[in-house]
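Spelled out, the chains give:
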Amino acid sequence: ADAAYQAEIAARDLALAARDRIALAAWAESCTTCEGKAEVETEIERLRQAEVLIGPCLAAAGLPQQGGPRQLEEIDIATARTACAAALAELPQNLQVRVVAARIDQAEGRADLAAAVYDEAVAAGLPEAHGLAAYLRFTPPDGSIPDVEAAAAIAGAGALLGDWLSKEILILLYSRDMVAGHTPDEAVAIARDIADQGDVVGQFFLGYFLQ
């Protein structure tokens, strides 16, 4: 009984940390002891309301996991700026919107501004910020030497929170034996995980590994 209780609490805390409304709703519906259910229900409603405001911004410049464009070049800057400005006007402190707005900055070549926001959001535990911050360490826009260790550490934390881009970066690093203690076999497992979730990059790598 104690093990089941601890597992339920861990699932709740993971869903709260990831700000995953669907996972939180599933937890609230299936929980047994339901400790902290009021907090979960409050967070579900907060996230639902935020999704309505944030939706157009995510669609215009969010990550693929959020329904947005994969490549920075695919972002329509004018449309994205308008959508995200409207969301920021209502939710000025919302880190998710600020990170998406920073992705627009990155698309415009202002990687330094974007990096500062990504790092702030990583410190706050926002899942999608991890992959973005790790990517800038792995492929520095100024052409400097990649910081593989930092990229791996940040992406590893993001992967635990379910971020696709973080997992894609780990696939690259692990498949090339670039991180001590990690193997290509782990890259295959990660690729299979996100491929099953619908990530096209994960699907590509899984097909490549199988071939």
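Preceding block: the structure.
In what follows, the accompanying structure is described.

Reading guide: rules and limits
- Residues numbered from 1 in each chain as written.
- Predicted model: local features only at pLDDT ≥ 70, side-chain atom pairs only at ≥ 80, totals over all residues.
- Heavy atoms only, no water.
- Helix = DSSP H or I, 4+ residues; strand = E, 2+ residues; numbered from the N terminus.
- Rg over C-alpha atoms; globule rule 2.2 N^0.38 Å.
- Buried < 20%, exposed > 50% of the residue type's maximum accessible area, 1.4 Å probe, protein only.
- Contact = heavy atoms within 4.5 Å.
- Disulfide = S-S within 2.5 Å.
- Core = buried A, V, L, I, M, F, W, Y, C linked by side-chain atoms within 4.5 Å.

### What about the overall build of the chain?
Per the secondary structure count, the chain includes 11 helices and 0 strands. Scanning the chain from its N terminus toward the C terminus, one meets helices and strands in the order α-α-α-α-α-α-α-α-α-α-α. Against the 2.2 N^0.38 benchmark of 17 Å for 211 residues, the chain shows a C-alpha radius of gyration of 18 Å, consistent with a compact globule. Expressed as lengths along the three principal axes of its C-alpha atoms, the size of the chain is roughly 50 × 45 × 30 Å. Buried positions account for 41% of the 211 residues belonging to the chain. Look at the contacts in the chain between residues 6 or more apart in sequence, and 51% of them connect residues 24 or more apart.

### Quick notes on the state of the cysteines
Evaluation of the coordinates by the stated rule reveals 2 disulfides. Disulfide pairing places C31 opposite C34 at an S-S distance of 1.9 Å. Classification of the bridge connecting C31 and C34 rests on its S-S torsion, roughly 95°, and on that basis the disulfide is right-handed. Each member of the pair, C31 as well as C34, is classed as buried. The residue that forms a disulfide with C57 is C84, at a sulfur-sulfur distance of 2.0 Å.

### A few points about the nonpolar core
Residues V99, Y118, I171, L173 and Y174 are the most contacted members of the largest nonpolar core, which totals 37 residues. Looking at this core, the elements with two or more residues in it are α5 (95-107), α6 (111-123), α7 (127-138), α8 (148-160), α9 (164-175), α10 (184-196) and α11 (200-210). With 7 residues, α9 is the largest single contributor of residues to this core. When near neighbours in sequence (up to four residues on either side) are disregarded, I171 contacts A187, I190, A191, I194, F205 and F209. Judged by nonpolar contacts, the second largest core, of 13 residues, contains C84, V97, V100 and I104.

### What to know about the side chain of E168
Tracing the backbone shows E168 in helix α9. If near-sequence neighbours (up to four positions away) are discounted, E168 is found in contact with R70, I194, D199 and V201.

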